[in-house]
Amino acid sequence: ADKLKKLYPTRTVIVALPKGGVPVAAPIAEALNAPLELVFVKKIAAPGHPEFAIGAVAEDAEPLWNDSKVHGFVLEPEELKKLADKSRHIIAKQKKAWTLSDLNLIKDHTVILVDDGLATGATLIAAIQYLKTKKPTKIIVTLPVASHTALKHIEPLVDEVVCLKIPTRFSAVNQAYEDFTQTTEEEVTELLSLTRRIPVSKNHSSIVSELKEAAHFLENPEEFDELVAKMANSRVVLLGEATHGTEEFYRFRRQISQKLIENHGFKFIAVEGDWPDCWQLNQYIQNGRGHSARKIMEKFDRWPTWMWSNLETEKLIEWMAVNGGAFYGLDLYSLFDSIDAVKNYIQENLDPKLAKEMLKAYGCFDPYQRDEKAYAKSLHQFSQGCRDEVIASLRKFLRIRVEQTAADAPQLFNAQQNALIIQNAEKYYRALVEGGEESWNVRDEHMTDTLDNLLRFHGEGAKAIVWAHNTHVGDYHATDMLKAGYINVGGRARERYGPKEVFILGFGTYEGE
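Residues numbered from 1 in each chain as written. Predicted model: local features only at pLDDT ≥ 70, side-chain atom pairs only at ≥ 80, totals over all residues. Heavy atoms only, no water.

Caption draft 1: Geometry of the overall build of the protein chain. Counting secondary structure elements, the protein chain contains 23 helices and 13 strands. Its C-alpha atoms give the protein chain a radius of gyration of 33 Å, more than 25% over the compact-globule value 24 Å for 513 residues. Counting every position in the protein chain, which comprises 513 residues, the buried fraction comes to 47%. Surface exposure of the protein chain reaches about 26,900 Å², of which carbon and sulfur atoms provide 51%. Seen as two clouds, the 62 positive and the 72 negative side-chain charges of the protein chain have centres 2 Å apart. (Helix = DSSP H or I, 4+ residues; strand = E, 2+ residues; numbered from the N terminus. Rg over C-alpha atoms; globule rule 2.2 N^0.38 Å. Buried < 20%, exposed > 50% of the residue type's maximum accessible area, 1.4 Å probe, protein only. Areas by Shrake-Rupley, 256 points an atom, 1.4 Å probe, with all protein chains shown as cover. Lys, Arg positive; Asp, Glu negative; His and termini not counted. Charge placed at Lys NZ, Arg CZ, Asp CG, Glu CD.)

Written out as structure tokens, the structure reads:
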């Protein structure tokens, strides 16, 4: 690594020959802060002589034969093919064992090709020839030890050779090592996990051309049909986005959701928004209460206009008012709005004695003057806060079984959901004060519980659509969230309903404003 630093250019990739080259290459990659990849080359052994190489083969390249040695065995073309395929089989097993990047990524980069030593040069020459097909700007061969004779064959093929030892009397590579124990597959796996594997990007034009070849362009709603058909049999479809306010993301989600509701029996949309606000929009959808979606949305003041009070959401609500479906909020920030909703229901519908008890319990929050931050700060001094009151009230609320008509059921459900929000919002603000991952987990657990409640409320066979940020709807099992102790709605939904019942689609962009 010390010697290479003098030659070290930008846009460099370390490429090792496994298995022996990896323990040499890993510390070089670390010292140069460069990604480490593998090139697979195997010698082709003579029949009955496993240590005697008559050629070498690199990955999917044509075999490189040593003609003088091949002639000594008088082998037919079909026999040579079988010998080469045997080596390719070993390469295939190794490639399966280690997750690797595409070596096409070394185009326009300097490659530092590393092995543990050079005796005859057959495998290294095959590796060099293979790497040249990937069009790097430069190849630097790096070796701890090499025979003088073999180096003479290598030097004309590459741009630089860095070799620490060239013994006058060379017998074998292991003469330069104190310990030449054979490297195991487990050691290679461990070293690869400790080194940087993220490849340097391909050039822009290459990315664009590959995307054009693979892309399925979506320019109008009809072109979503193939994608929607894949979602149709899921119980829950989660539609994510990366910005909380990009028009195209919202439009795509609206168009997909409308098709799922209209053609595939999906009952409702639940969004990363406040329950009381979204309930007002749902009341407009169900019975026209509120005059228009725009009139209702103008009163939304917790989030920036572009998050929910936007044109695409308005179009969706107006469409649902004509074509059916329901619209709900999953979030728990609405502590005081939910308290208002519960108080109103209690006063209008419950036995006066029970109503008085529950109103007194929620009165615990009155000193904070509708300020969630003030309540959170108070927990530093009075850690108990209003926790006991909201838990007791929720238990009472969930036990209520009033005689109700079908028209009353949604109002009781709304009130009970608000009571749940009060408990979980209190828990959330408490966790926020204490720090760590718990506040995030309280929130996503609440959103998943709310989704669960909605599915039950809409009856057996109900199917749901969720709109939320990618970080909420993605599956946490497949990200670094798992290691950090975080959960999310996408992962929890798959745990509860089964992976095949949950379809996750995220929206992202390479760049933009």
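After presenting the structure, the write-up continues.
Caption draft 2: Summary view of the pattern of salt bridges. In this structure the tally under the stated criterion is 20 salt bridges. With a shortest N-O distance of 3.5 Å, glutamate 312 and lysine 315 are connected by a salt bridge. Highlighted residues: glutamate 312 and lysine 315, both in helix α14 (residues 311-323), separated by 3 residues, approximately one helical turn. We classify glutamate 312 as buried; its relative accessible area is 4%. Under the relative-accessibility criterion, lysine 315 is labelled partly exposed at 45%. Notably, a salt bridge pairs lysine 343 with aspartate 366, separated by 3.6 Å at the nearest N-O pair. Pair noted here: lysine 343 is in helix α15 (residues 335-349) and aspartate 366 is in the loop between α16 (352-362) and α17 (372-378), with a separation of 23 residues, a long-range link. For aspartate 366, a relative accessible area of 48% corresponds to the partly exposed category. A single network of salt bridges, built from pairs that share partners, joins Glu445, Asp449, Asp452, Arg456, Arg492, Glu495 and Arg496. (Salt bridge = Lys/Arg side-chain N within 4 Å of Asp/Glu carboxyl O.)

Caption draft 3: Representation of the side chain of aspartate 331. Turning to its location among the elements, aspartate 331 is positioned in strand β11 (residues 326-331). Given the relative accessible area of 1%, aspartate 331 is considered buried. Here arginine 443 takes part through its side chain, which lies 2.8 Å from a polar atom of the side chain of aspartate 331. (Polar contact = N/O pair within 3.5 Å; in protein donor to acceptor, adjacent residues only side chain to side chain.)

Caption draft 4: Representation of the packing of aromatic side chains within the structure. This model, assessed by the stated rule, comprises 20 aromatic pairs. Measuring from ring centre to ring centre gives 5.8 Å for tyrosine 250 and tryptophan 308, while their planes differ by 65°; the resulting arrangement is edge-to-face. Pair noted here: tyrosine 250 is in helix α10 (residues 247-264) and tryptophan 308 is in helix α13 (residues 305-308), with a separation of 58 residues, a long-range link. You'll find tyrosine 250 and tryptophan 308 in the same group, each marked buried. By the ring-pair criterion, three or more aromatic residues cluster together here, those being Phe268, Trp275, Trp279, Tyr328, Phe413 and Phe457. For the cation-ring pair, arginine 253 lies above tyrosine 250, with the distance from its terminal atom to the ring centre recorded as 4.7 Å. (Phe/Tyr/Trp six-rings, centres within 6.5 Å; stacked < 30°, edge-to-face > 60°. Lys NZ or Arg CZ within 6 Å of the ring centre and 35° of its normal.)

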